[in-house]
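# Chains, contacts and geometry: an overview
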Amino acid sequence: MEYNFREIEAKWQKFWADNQTFKAENTSDKPKFYVLDMFPYPSGAGLHVGHPLGYIASDIYARYKRHKGFNVMHPQGYDSFGLPAEQYAIQTGQHPAITTEANIATYRKQLDKIGFSFDWSREVRTSDPNYYKWTQWIFIQLFESYYCNEANQARAISELIQIFETEGNSKINAACDEDTAVFSAEDWKNYSEEEQQKILLKYRLTFLSETEVNWCPALGTVLANDEIVNGVSERGGHTVVRKKMKQWSMRITAYAQRLLDGLDKIDWPQPLKDAQTYWIGRSEGAMVSFKVADFDAEIEVFTTRPDTIYGVSFMTLAPEHELVSKITTPQQKEAVEAYVKATAKRSELDRMADVKTISGIFTGAYALHPFTGEKVQIWIGDYVLASYGTGAVMAVPCGDERDYAFAKHFNIEIPNIFEGVDISNEACSTKEGIKIANSDFLNGLTYKKAMKRIIYEIEQKGIGYGKINYRLRDAVFSRQRYWGEPFPVYYKNGLPQMISKKYLPIVLPEVEKYLPTEDGKPPLGNATVWAWDTVKNEVVSIDLINGETIFPLELNTMPGWAGSSQYFNRYMDANNNEEMFSKEAINYWQDVDLYIGGSEHATGHLLYSRFWQKFMFDRGFVPTDEYAKKLINQGMITGTSAFVYRVEGENKFVSKGLKSNFKVQPIHSDVSFVNASDELDIEAFKNWREEYKEAEFILEDGKYIVGREVEKMSKSKYNVVNPDEICEEYGADSLRLFEMFLGPLEQSKPWKTSGISGVYSFLKKLWKLYIVNGEFSVSDDAPTKDELKTLHKTIKKVEEDIANFSFNTSVSTFMIAVNELTALKCNKRAILEPLAIIIEPYAPHIAEELWHKLGHTSSVATEDFPIFEAQHLVESSKEYPVSFNGKMRFKLELPLDMSKEDIEKTVLAHQKTQDQLQGRTPKKVIIVPGKIINIVG
RNA sequence: GCAGAAGUGGUGGAAUUGGUAGACACGCUGGACUUAAAAUCCAGUGGACAGUAAUGUCCGUGCGGGUUCAAGUCCCGCCUUCUGUACCA
């Protein structure tokens, strides 16, 4: 009776599906446990062995928790809106929905082969109108809300309107646009409906604004900062330029502090928290106004070092700063305009490429130092960013590296305001332990004291105030793409109007072409049926737009992160058509207990989703303001590429060991042509490409050995391994065990298919324990002490490992257990039955088969985990390592209850001890009972 | 530049609070079975040196110091690799 994994795995996969074994109920007497994976984007390439790593880990955890008596939800779905399907549509005309559907089918087939305990009845797809209806709904909620800084929470916009009506906006402390004017209740009432809407838009959590965006002409779309890598688009590597556009934005900055504070409450990896902290970039400082000499204007700056204000010797404005054109003197006008024009033209790529190049121009104007009254030059420089702070800096060359370099380059004075610090070669940006000098009332003060004092003085003088600034920017929410969620928005006189919830979803319209229109409108500009009829409440032809009852709909779509920002809550009640989720469902499931996914989402999805969760919490839709208690980042699985060496200029390949004798060029070979011993299947390689058909091979010891190198798994490197092939050849249980056995979950590690034979033969050995004379059979005899010891040692270790997410070591533990039981010739039910349960999370198919063969009729998945009993591990003696000066020399078996004194006597009397000491008297004998003996001397 | 993670045999990796470095595998070597291969099973496998052998000695966790009876583990200073980020005032 052989271990026939093909038959076994197909059988139990069908059984689980037919019996809905892993369907989670929304009510249960058991405690809940929610295990979540980051849902995949279904790409055309399908899954490679790196993708399921996190799913296998989460599945082990989910299955383990079921054994421990939890009502476990482990859902899966697809993040199915996205650029690749759209790019494919542009090239081929194939509708993205069709490609996406086909890709999902492939993914599902691949996932099903691995035996995950997913509850597919809760599947979500972000591109499904029944799903994105709720994404649209959340958008409306954000539009209908503002952020109250007093209460520190989002509130209904209707509350804000009430305040406006009774007292205007002067007393309101709410997150809003910088340019919001102050008005009274009287003013408000006199404003037209349109004016009122414009003001409200400055407060809404999602709002329209003229934003400087990363425009990618080649893709015809706006990209988020995290979609740009090294100044070019992440996809395609196209040039990105800065451009002003009217865009929807999300007021995530209102949540900056709470997003920081919340990190303390959640058990997420420290590197990920650090990345978010840095991204949010909180800095404490002050706003200070500088008067412009001979002009009725002020330059407001943000600085983290107001204590160095006496070191200011010039000011720098961003080229885009609104004052530039006003204050520039006639003599400098031409030069300044040329400079501004030149920087605007420079793409982000250019700017990145020469960060070190210093450029700038003097405006001819001067500012007045607020304390000394001295005149300081006002410059323009592109090292100052328009989008951070106020777009202007007070330059303190002695205390800031960039200001220093700028001053040196343009020969501007560098006054020193630090006591006893030499600044002739570099600026001094150290804060601690340095006293301020040449600074009037700040003289002799250290950083902290000087900060307090100067902020006080600035506030007293009325020229500024202490302020906390964040690097985080409001998130642009519009994309000029087709394959994304349409906004539930139409425009009346250019002002956005929300479509009522009962008419959702607003379904993506059909278009002829997926490219932007000729006049530069987004792809939805190609749609002919894309206007909103406010009488019939339906989408109608654009020809009917009359500006009275029928209006144009929004042409942008939502970004990739929209659909993924609340999907974890939708899983709780995925088939609800009335609400995003019922109160009962959200109150039962609450939040995610374990979330597993890649760290590449640190400052994208994982930040935006936290933001939306906090918003949902504020508005009373969800019970917690952090949605995932624990998060684990699985590491990447890299590929082990194979190289053949072609002799330069010839169609001849030389084996790795001989390549130093030739001038060779390494070429990637497909890894499937290479065996465990790095030997190339020459015939397969020859048949791979026409050009290799006639190639010659120079062998070593009759073999062609390839070179190997670890690289990212990618098609172009021919090192991609498909999980289907592994399942076909070794089975899903082997794949699952091997992926875990590769190394620590969070670490990046290389895939080498040859290693899988280890876990495969382990499964065969496991199987054999249950077989006697070729037949399935177990004995009902009482287990021996040694057998029980092995079992309980294994239970203990595996439970500890799962708690630590150390899945690689539990696979070792299983191997040790099976090796020991094989050596003991153990065939007892009392051992083998619990063994099947503890191995089930890792290798569920073989466990299920063994379990049923043992005579059970229900799934092993819901059996209780065996209870660890410490008594089986109690030892009466210990084999002590005996060390001399810390070096282990021999071992000595001694009873565990032996006293320290007796141990010392016994050890010193031992012949081997005498041999080691060679007559010397030991200076000291250290005995740690149960651990070690160390003799010093 | 900044932030983070990591450096252990030929390879992946193990060593939970400082206490026997190299578990468990892969690969390799030798053997059994076989016409042969695969599969399976058995033995060996960090390096150097000595010994016919059992065995013994020395060196070994990126490098240099330190703490300790004892360091892969703790402290100080470096080096290298990977990941993220990029003029944030």
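Now for a description of the structure that goes with this document.

Criteria and cut-off values
Residues numbered from 1 in each chain as written. Chains lettered and ligands numbered in written order. Predicted model: local features only at pLDDT ≥ 70, side-chain atom pairs only at ≥ 80, totals over all residues. Heavy atoms only, no water. 1 Å grid on protein atoms, 1.4 Å probe; cavity = no way out; pocket = protein on both sides within 12 Å on 5 of 7 lines; lining within 4 Å. Points joined across faces, edges and corners; volume = space filled by probe spheres on them. Helix = DSSP H or I, 4+ residues; strand = E, 2+ residues; numbered from the N terminus. Nonpolar A, V, L, I, M, F, W, Y, C, P; charged D, E, K, R; others polar. Buried < 20%, exposed > 50% of the residue type's maximum accessible area, 1.4 Å probe, protein only. Pairing = 2+ DSSP bridges. Axes fitted to C-alpha atoms, helices over the stretch in contact; angles between N-to-C directions. Phe/Tyr/Trp six-rings, centres within 6.5 Å; stacked < 30°, edge-to-face > 60°. Lys NZ or Arg CZ within 6 Å of the ring centre and 35° of its normal. Contact = heavy atoms within 4.5 Å. Salt bridge = Lys/Arg side-chain N within 4 Å of Asp/Glu carboxyl O.

All told, the structure shown has two cavities of 30 Å³ or more when counted by the stated rule. For the largest cavity, the calculated volume is near 50 Å³. Leu83, Glu86, Gln87, Ile90, Leu219, Thr221, Gln480, Arg481, Tyr514, Pro516 and Pro523 together form the lining of the largest cavity. For the lining of the largest cavity, the element with the highest residue contribution is helix H3 (residues 83–92), accounting for four residues. Taken as a whole, the second largest cavity encloses approximately 30 Å³ of empty space. Around the second largest cavity sit Tyr131, Trp134, Thr135, Ile138, Ala562, Gly563, Gln566, Met580 and Trp612, which together line it. Contributing elements (two or more residues each) for the lining of the second largest cavity: helix H5 (129–143) and helix H16 (560–564). Considering each element in turn, the lining of the second largest cavity owes the most residues, four residues, to H5. For the lining of the second largest cavity, the class distribution of residues is six nonpolar, three polar and no charged.

Taking burial as the measure, the seven residues of strand S14 (residues 375–381) include five buried ones, the bulk of the element. Where strand S12 (residues 314–317) lies against S14, four bridges are found, and the strand directions are parallel. If you follow methionine 315 over to S14, its bridge partner there is isoleucine 378. One ladder, built from six bridges, connects strand S13 (residues 360–368) with S14; its direction is antiparallel. What sits directly across from tyrosine 366, in S14, is glutamine 377. As consecutive antiparallel partners, S13 and S14 are separated by six residues, and within that stretch glycine 373 has a phi angle of approximately 75°, a positive value.

Moving on to the sheet that holds strand S21 (residues 538–540). The three strands lie next to each other as S21-S20-S22, forming an open sheet whose pairing is antiparallel. Unpaired on one side and paired on the other, S21 and strand S22 (550–552) mark the two borders of the sheet. When strand polarity is set aside, the average angle formed by the axes of neighbouring strands in this sheet is 35°. Two strands pair when backbone bridges link them, and strand S20 (residues 531–533) and S22 are joined in this way by three bridges, in the antiparallel orientation.

With that settled, the discussion passes to the environment of alanine 102. Inspection of the secondary structure puts alanine 102 in helix H4 (residues 96–112). Note: C-alpha distance between alanine 102 and serine 677 (575 residues apart in sequence) is 38 Å.

This brings us to the packing of aromatic side chains. Summed over all chains, the structure comprises 76 aromatic pairs. With a centroid separation of 5.4 Å and 65° between ring planes, the pair formed by phenylalanine 164 and tyrosine 203 is classed as edge-to-face. With phenylalanine 164 in helix H6 (residues 157–167) and tyrosine 203 in the loop between helix H8 (193–201) and strand S5 (206–216), this pair connects stretches of sequence that are 39 residues apart. The class for phenylalanine 164 is buried, based on a relative accessible area of 0%. Centroid distance tyrosine 567 to tyrosine 571: 5.6 Å. Interplanar angle 65°. Geometry classified as edge-to-face. The residues tyrosine 567 and tyrosine 571 share a single accessibility class, namely buried. Ring-pair connections join several aromatic residues into one group, and the members of that group are Phe139, Phe143, Trp248, Phe477, Phe487, Trp561, Tyr608 and Trp612. One cation-aromatic arrangement involves lysine 659 over tyrosine 645; the distance from NZ or CZ to the ring centre is 4.9 Å. For the cation-ring pair, arginine 689 lies above tryptophan 688, with the distance from its terminal atom to the ring centre recorded as 4.2 Å.

Relative to the helices and strands, valine 720 is located in the loop between strand S29 (707–711) and helix H21 (723–729). Separated by 672 residues in sequence, valine 720 and histidine 48 have C-alpha atoms that sit 6.5 Å apart. With residues up to four places along the chain from it excluded, the contact list for valine 720 reads His48, Val671, Met713, Ser714 and Lys715.

Our focus in this paragraph is unusual backbone geometry. Here the residue pair leucine 504 and proline 505 is connected by a cis peptide bond, since its omega of -5° sits within 30 degrees of zero. Here proline 505 is to be found in the loop between strand S19 (495–498) and S20. Despite not being glycine, asparagine 411 has its phi angle at roughly 60°, a positive value.

Per the stated rule, a full pass over the model turns up 48 salt bridges. Of the charged contacts, one joins arginine 736 and aspartate 59 as a salt bridge, the two residues approaching to 2.8 Å between their closest N and O atoms. You can see arginine 736 sitting in helix H22 (residues 732–741) and its partner aspartate 59 sitting in helix H2 (residues 52–67), a full 677 residues away along the chain. Accessibility assignment for this pair places arginine 736 and aspartate 59 in one class, buried. A salt bridge links lysine 614 to aspartate 625; its shortest N-O distance comes to 3.3 Å. You can see lysine 614 sitting in helix H19 (residues 605–618) and its partner aspartate 625 sitting in the loop between H19 and strand S24 (631–633), a full eleven residues away along the chain. Members of the salt-bridge network, linked through shared partners, are Arg258, Lys265, Arg610, Lys614, Asp618, Asp625 and Glu626.

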